[in-house]
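Below are the chains, spelled out letter by letter.
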Amino acid sequence: MSGVLSPPRRSPIEEWLAQATEGTRLRQGMVQPLQLHSTTLQGTAVSLTELSWRRRLGLKGPGAEAWLGAQGFAPAPAANSWQRVGGALVGRLANSEFLVEALDAGAQTAVASAAAVLYSAVRPVGVYPVVRQDLVLRLQGPELNTLLRQICGVNFKPLLADAPAERGTLLMTSMIGAGVVAIPMRVASATELILWVDPSFAMYFWTTLLQVAAELGGGVLLDPSTEV
Amino acid sequence: MKIMTCPINGPRLISEFAYAGELKAMPDPAQATDEQWADYVFNKNGPAGIKREWWCHTSSGVWFIAERDTSRDVIVRTYLYTTEVPRT
Amino acid sequence: MMRLPTLPGEWIDRTRTVTFTFENEPVTGYVGDTISTALAAEGKRIFGRSFKYHRPRGFLSFANHDVNVMTQVASIGRSTPNVRGDMEAPIAHSKVTAVNTRGGLKNDRFALLNHFSRFLPVGFYYKAFHSKRLFPMWERLFRRLTGLGTVDLDASHRSTPKRYDFCDVLVIGAGPSGLSAALAAAAAGADVLLIDENRALGGSGLYARAGSDAVVAKTQALVSAVRAESRIRVLLSSFASGYYADHWVSVIAPEAMVKVRARSVVIAQGAYEQPCVFRGNDLPGVMLASGAQRLMYRFSIGPARRITLLTANAEGYAAALDAKSRGIEVECVLDLRATPGPDSTALMAQLTRQGIRVVTDVQPIEAVAGRAGSVARLLYRVAGVEDSVAVDGIWMSVGFAPANAFLHQAGAGMRYESSIEQFVPERLPAGLYACGKVAGAYSLDARMADGERAGRQAVSALGAMDSLPVAPVLAPIECPNHPYPVFAHLAGKEFVDFDEDLQIKDIENACQEGFDSTELLKRYSTMGMGPSQGKHSNLNALRILAAWRGDALGEHALTTSRPMFHPVPMSHLAGRGFMPERKTPMDADHAALGAVWMPAANWRRPEYYAVDGVSREAAITAEVHAVRTGVGLIDVGTLGKIEAHGSQAGEFLDRIYTARYSNLKVGMTRYGLMLDEAGVIIDDGVIARLAPECFYFTTTTGNSATLFREFGRLATWWGLPVGLVNLTGHYAAFNLAGPHSRAVLRTLTDLDLSDAAFPYLAVREGLVAGVPCRLMRVGFVGELGYEIHLPFESGTEVWRALLNAGKASGIRPFGVEAQRMLRLEKGHVIIGQDTDGVTNALEIDAPWAIKMDKPFFIGQRSLAVLAKQPLRQTLVGFQMPLGVTERPKECHLIIDQGRIAGRVTSVGFSPTLGRVIGLALVDPVVAAHPTLRVRMDAGVEVLLEVTSHPFYDAAGARQKMEVAS
């Protein structure tokens, strides 16, 4: 069986993509759509963009922080913090678990390489890999706070108003009954909220959020960049 | 809805937390009599007052101790287990 | 009733009309009217029938404190019950009818119940209709005679999504004190949310005018200032339905519930005007003075042509001046007091100038109806002499009850202030403030000053947990509350609770029968249990109770106040109704394969795969057959999947499971049984050792989240450093099982699958269809098989590859039902099915799984205690003769010598063995017999043959070796 290419990664909302979009391409090995079937699914008041294809890794353990630093992804010292390192996001979840995700095209390979080492059979000492197959979404738009007010008991308004670009705080909370990691950040001049959701909740989370967004004049926004 | 303050994640709705009973020392199973052991397993501290309890912030998995005054329904303070409470 | 001339600030828009029908007759009102005011404008006087006696009713409070006017509104898409006519705007072209009538409002056939009221005393249900045999019949009768609207089961769905909101100061009530509090809080820099249940700001500041513009002008200035203040957000037509912990307030806005978290709360909800209790006080035309003021100033409705005011405070005199200013003739003002107070006396002069006479020291006797059924005359007594006036309206202004429900819900301490005959707050909890009438301030200036104080305090104490609010200081005023506005009549019909049709003697009879405390009186008489929840009745009832007992009012507490403040539609409580559901990556594939779903915790799993023309039983049998003779594939991705890392990981597992794992060889697996501290079985799974310091293990679907959390707690408590990772949602898993499973798998992997390289119970990591996977040889269904675990993103690819590769072997996907039969044939226990909440580890006949010689595991010490006692029950296998298909169900009881000796836990017809097999938990003595007697449905008893289990392949050979294919 050697020589068989590894099959593509499948999005946790593959089932929704299959019926709502047409055409596919691979982004970091994950099947992603080319366009929406219908423009009625679009909406800018508050938009949902799937980013599950980005390369990421998770880890914990006594040696995790040092190992991350050695890979060039040093985390910020405060609990529940994140910072941009190169083109990647390095998040510290509570005190001692870490999430690294490539934000920019240039960082995808670096993160993928680090992940390959981390998840290989030879495990670095005291470094415990956390496999992360999350549904990742970007929420943005003028009605973002209105949508959040329907789904989460945390007051996001001050966090979105002051969203930082390089480093800031992250939250672990619950939205519509599913646990999420949430990071408000400023990219260019736009405020976005990035969410990481357990993939087994993905279809429920995505379709429910889309329903709420649609009622507010929002919808799906496919990530426009052409990088793979 | 009540607010509980996680020592790491800050104040959140109590629906983000799970309760896991009172903090109590386990007697040495080898030394305890059957009666002492049964008392530890089955008997709970009933009267209202200040209880020290295990609570978990489910969204993050952080475990901590909450001191609650059950006669006034007030959460007095919360703290991580390792830093303040002598381990048993 | 009639429409009055246009007034600036009226709530109606006379340029736009709305048409609807009431009791099948067309009605046209203005936009801004309510159902009641549109009807009143057309001259109606009777708007409803009372609950018990079906008495004709008009308006009482016009403030949502009574339900005299309850309607059923049929509009497009829905028929809505219990619409309060006083409050709700009519929907164009809707059909409105009064509830609780038979034959319509005018000719309600049940009106004759009024004449049988002697036979319907308080508590009559308990006395005459308590026969168990007859009660179903009585109940059906009562439901036809009384009751409110009808539920429309075909109503279209309405979206009412809830939302959260946040503020520094929440001000509840936008009358003069609430407006002042909001302005003061905003001036101090706070974010303020101001809510009011009316559709406009201003409260009584805009309708209790005493015939002049002074009060209105001051109130309007407050309203304008609030509108201009950007730090104040306003929610109108919204009421707070309950006050909850940490200043969490549920606000019912028209379209949805708003869950507000405030940092402090100001209660400015005012007071409910109370009726005077005398015979005939419920006749149409008899109403509260404030109700009349609302009608006159908000809707430009004249409630009558010629009124008398029955009063005991200055507010009544003010209302008389309001009537006059709106063109209504005031026959006289009848003051219950011998000596009116200073404010009343000042207003009296104005009344006299306008030719209105005032009579003091009055006792009302009876309101008498005219031919039309509404009030025509009031009989009263002055200094022992009877007199009467001919009027078509009697307005009552004898006192108020403070709207302090939330103060009670928040645990405020109240005291009775006898100078104003009112309960006022004495001890307020941190962060809660009260101002205005609810705190005892009645004049406009006093309310404004009090509101300003409360607003300032609410901000200054923000975040200071220790500081307790100061109770308001009361300025001396004319007492607004008559201490006992209750005038009994021999012929009764002096109504205390208009919702429940309760009169004075109902209260007195209840007391006489021993229900003479507030809580008992309420429940026995239903006083205050109607839709108004006692807003217009509790205080008078309490007065009558205290008088009957000879106590002072202050010695009695009002009944416990609980949410909801007003009735809340179920739609608003439901909101959007989020139903979190978890799915494995193969969910869509299962659906395409014809899966019939069953819930498993918050996931869904295929119960079986439907085949055209094949029954459910036959489909499941075919799936079982495929696994036993060919190969099957089942999605087990809902299982909990956890990794434990570190040098102490083995030690950790040793403590949480009954078996030993620190000695488990790398590359092997071992079954795990998990107990609680009482020795009761709580879970099971398979533990694999992937590396010296890395274990990967499973839990049952239902327990994955709670167990993962509990492991975190145990690691913390024990101080054991172990890295725990929850892969439950991030990994897919399936089980490829059957004699052909190895052959199928071989086509997709380079792993050496020979028994030597990959023996039974081993775990290996390798590529399957190009994807890195963990494979384990496990024995749950009792055939050669591989449980394959892999990251979520690759789940469907490998699942499809296996189904494809297995085509030649006739591979079938199989579901939970087939799996349950397969494992039953092997006698394998399912936790939670063959065990319950008290089954301990000694009772499932699996001593091989328990290593008592370990230093410690959870439940070990309790098992030592239990081992000294006789075994309570034990798990046995049973079978029925070949050919018998009628079988017991799970939980059917094992009977021995007339007593219960156990129960069936699992049972089914085994297609492999051709007979019924099962497991039962049974008293060990009885279990030693060759047969068990089980009682099935309808008391039919059959014998079960006790047998050893596994029932199939007892030697366990099939899961270990390849069968030549």
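Just above, that's the structure.
The following paragraphs examine the structure supplied in this document. (Residues numbered from 1 in each chain as written. Chains lettered and ligands numbered in written order. Predicted model: local features only at pLDDT ≥ 70, side-chain atom pairs only at ≥ 80, totals over all residues. Heavy atoms only, no water.)

## A look at the pairing of strand S37 (residues 694-699) of chain C
Residue and element names in this part refer to chain C.
Part 1 of the argument: With 6 of 6 residues buried, S37 is to be regarded as a mostly interior element.
Part 2 of the argument: Burial along S37 is two-sided: the residues Cys694, Tyr696 and Thr698 and Phe695, Phe697 and Thr699 are all buried.
Part 3 of the argument: As defined by bridge partners, strand S34 (residues 640-645) adjoins S37 across 6 bridges and the pair is classed as antiparallel. Within the sheet, the bridge partner assigned to His645 lies in S37 and is Cys694.
Part 4 of the argument: The hairpin turn running from strand S36 (residues 681-691) into S37, its antiparallel successor, is 2 residues long. (Buried < 20%, exposed > 50% of the residue type's maximum accessible area, 1.4 Å probe, protein only. Helix = DSSP H or I, 4+ residues; strand = E, 2+ residues; numbered from the N terminus. Pairing = 2+ DSSP bridges.)

## A few points about the interface of chain C and chain A
Often, the extent of an interface is quoted as the loss of accessible area upon association of its parts.
Part 1 of the argument: The interface of chain C with chain A comprises 46 residues on the first partner and 42 residues on the second.
Part 2 of the argument: Note on chain C versus chain A: buried area summed over both sides is about 3500 Å², and carbon and sulfur give 56% of it.
Part 3 of the argument: Viewed at the interface, chain A and chain C are joined by 5 salt bridges.
Part 4 of the argument: Linking C:Arg576 and A:Glu215 is a salt bridge whose minimum nitrogen-to-oxygen distance equals 2.9 Å.
Part 5 of the argument: In this assembly, chain C and chain A are joined by 12 residue pairs in polar contact (both at pLDDT 80 or more).
Part 6 of the argument: Those elements giving two or more residues to the side of chain C that touches chain A turn out to be strand S9 (163-172), helix H15 (587-592), S34, S36, strand S38 (723-726), strand S41 (771-776) and helix H20 (795-805) of chain C.
Part 7 of the argument: Per element, the largest residue contribution to the side of chain C that touches chain A is 4 residues, and it comes from S9(C). (Contact = heavy atoms within 4.5 Å. Buried area = accessible area lost by both parts, 1.4 Å probe. Salt bridge = Lys/Arg side-chain N within 4 Å of Asp/Glu carboxyl O. Polar contact = N/O pair within 3.5 Å; in protein donor to acceptor, adjacent residues only side chain to side chain.)

## Let's talk about the packing of aromatic side chains
Part 1 of the argument: Per the stated rule, a full pass over the model turns up 27 aromatic pairs over all chains.
Part 2 of the argument: On the numbers, 5.7 Å between centres and 75 degrees between planes, the contact of C:Trp11 with C:Phe299 is edge-to-face. Taken together, the positions of C:Trp11 in the loop between strand S1 (2-3) and strand S2 (13-22) and C:Phe299 in the loop between helix H6 (289-298) and strand S17 (301-302) put the pair 288 residues apart, joining distant regions of the chain.
Part 3 of the argument: On the basis of relative accessibility, which here comes to 3%, the residue C:Phe299 falls in the buried class.
Part 4 of the argument: For the pair C:Phe758 and C:Tyr786, a centre-to-centre distance of 5.5 Å together with 75 degrees between the ring planes defines the contact as edge-to-face. Highlighted residues: C:Phe758 in the loop between helix H19 (741-746) and strand S40 (763-768) and C:Tyr786 in strand S42 (residues 785-791), separated in sequence by 28 residues.
Part 5 of the argument: Through a chain of ring-to-ring contacts, the aromatic side chains of C:Phe652, C:Tyr657, C:Tyr661, C:Phe697, C:Phe711, C:Trp718 and C:Phe856 assemble into a single cluster.
Part 6 of the argument: For A:Arg27, the ring lying beneath its charged end belongs to A:Trp53, and the centroid distance is 3.8 Å.
Part 7 of the argument: The cationic tip of C:Lys535 hangs over the ring face of C:Phe565; the distance from NZ or CZ to the ring centre is 4.5 Å. (Phe/Tyr/Trp six-rings, centres within 6.5 Å; stacked < 30°, edge-to-face > 60°. Lys NZ or Arg CZ within 6 Å of the ring centre and 35° of its normal.)

## Structural notes on helix H18 (residues 704-718) of chain C
Since the α-helix packs 3.6 residues into each turn, any two residues three or four apart lie on the same face.
Residues and elements named next belong to chain C.
Part 1 of the argument: An ideal rise of 1.5 Å per residue puts 21 Å on 15 residues; H18 measures up with 21 Å between its terminal C-alpha atoms.
Part 2 of the argument: Within H18 the residues assigned to the buried category are Ser704, Leu707, Phe711, Arg713, Leu714, Ala715, Trp717 and Trp718.
Part 3 of the argument: Within two residues after H18, Gly719 carries a phi angle of roughly 65 degrees, on the positive side. (Expected span 1.5 Å × (residues − 1).)

## Observations regarding the environment of C:Val96
Part 1 of the argument: With respect to the element layout, C:Val96 can be found in strand S8 (residues 95-98).
Part 2 of the argument: Setting aside its immediate chain neighbours within four residues, C:Val96 contacts C:Phe20, C:Thr21, C:Phe22, C:Glu23, C:Ile35, C:Thr71, C:Gln72 and C:Val73.

## A word on the packing of helix H16 (residues 616-629) of chain C against helix H21 (residues 816-825) of chain C
All names here are of chain C.
Part 1 of the argument: Where H16 contacts H21, the two axes come as close as 9 Å, and the packing angle between them is 55 degrees. As judged from the angle between their axes, H16 and H21 are oblique. At the point where H16 passes H21, the crossing takes the right-handed sense. Every residue of H21 that contacts H16 at Arg616, Ile620, Glu623, Val624, Val627 and Arg628 is listed here: Glu817, Ala818, Met821, Leu822 and Glu825.
Part 2 of the argument: Looking at the contact of H16 with H21 residue by residue, the classes come out as 6 nonpolar, no polar and 5 charged. (Axes fitted to C-alpha atoms, helices over the stretch in contact; angles between N-to-C directions. Parallel < 35°, antiparallel > 145°, perpendicular 65-115°, else oblique. Left-handed = near helix turned anticlockwise from the far one by under 90°. Nonpolar A, V, L, I, M, F, W, Y, C, P; charged D, E, K, R; others polar.)

## A word on the pattern of salt bridges
Part 1 of the argument: Inspection of every chain in the model, using the stated rule, returns 71 salt bridges over all chains.
Part 2 of the argument: A salt bridge links C:Arg628 to C:Glu825, with the shortest nitrogen-to-oxygen separation between them at 2.8 Å. With C:Arg628 in helix H16 and C:Glu825 in helix H21, the pair connects residues that are 197 residues apart, well separated along the chain. Of the two residues, C:Arg628 and C:Glu825, neither departs from the other in class, the shared state being buried.
Part 3 of the argument: With a shortest N-O distance of 3.7 Å, C:Arg774 and C:Glu765 are connected by a salt bridge.
Part 4 of the argument: Judged by relative accessible area, C:Arg774 falls into the buried class, the value being 6%.
Part 5 of the argument: What makes C:Glu765 partly exposed here is its relative accessible area of 38%.
Part 6 of the argument: Where salt bridges share partners, they join A:Arg27, A:Arg138, A:Glu192 and A:Asp223 into one cluster.

## Quick word on the nonpolar core
All names here are of chain C.
Part 1 of the argument: Core analysis: the largest hydrophobic core is formed by 54 residues, its most contacted members being Leu170, Ile172, Val265 and Leu407.
Part 2 of the argument: Considering every element that reaches this core, the biggest residue donor is strand S14 (residues 257-267), with 6 residues.
Part 3 of the argument: What Leu407 contacts, discounting residues up to four positions off in sequence, is Ile267, Ala412, Met414, Pro425, Leu428, Leu432, Ala434 and Val438. (Core = buried A, V, L, I, M, F, W, Y, C linked by side-chain atoms within 4.5 Å.)

## Details of the pairing of strand S6 (residues 70-75) of chain C
Residue and element names in this part refer to chain C.
Part 1 of the argument: When S6 meets strand S7 (residues 78-84), the two strands line up antiparallel, connected through 5 bridges. Across the sheet, Thr71 pairs through a bridge with Val83, a residue of S7.
Part 2 of the argument: Linkage of S6 to S7, two consecutive antiparallel strands, is achieved through a turn of 2 residues, within which Gly77 is found at a positive phi near 90 degrees.
Part 3 of the argument: As defined by bridge partners, S6 adjoins S8 across 4 bridges and the pair is classed as antiparallel. Across the sheet, the residue bridging to Gln72 is Thr97, located in S8.

## Points about unusual backbone geometry
All names here are of chain C.
Part 1 of the argument: With an omega of 10 degrees, the peptide bond running from Pro563 to Met564 counts as cis.
Part 2 of the argument: Among the structural elements, Met564 can be located in the loop between helix H13 (538-549) and helix H14 (570-574).
Part 3 of the argument: Residue Pro950 is bonded to the preceding His949 through a cis peptide linkage, with omega at 10 degrees.
Part 4 of the argument: For Pro950, the position within the fold is in the segment after strand S49 (941-947).

## A few points about helix H10 (residues 444-460) of chain C
Part 1 of the argument: For H10(C), with 17 residues, the first-to-last C-alpha span of 25 Å sits near the 24 Å given by 1.5 Å per residue.
Part 2 of the argument: Where H10(C) is buried, its residues meet S9, helix H4 (176-187), helix H5 (214-228), S14 and strand S28 (432-434) of chain C.

## Let's talk about the interface of chain B and chain A
Part 1 of the argument: With 9 residues of chain B in contact, the opposing surface of chain A contributes 10 residues.
Part 2 of the argument: Counting each side, the surface lost to burial between chain B and chain A is near 670 Å², with a carbon and sulfur contribution of 56%.
Part 3 of the argument: Of all residues in chain B, B:Ile8, B:Arg12 and B:Ser59 give up the largest surface area on contact with chain A, accounting jointly for 57% of the area buried on that side.
Part 4 of the argument: In this assembly, chain B and chain A are joined by 0 salt bridges.

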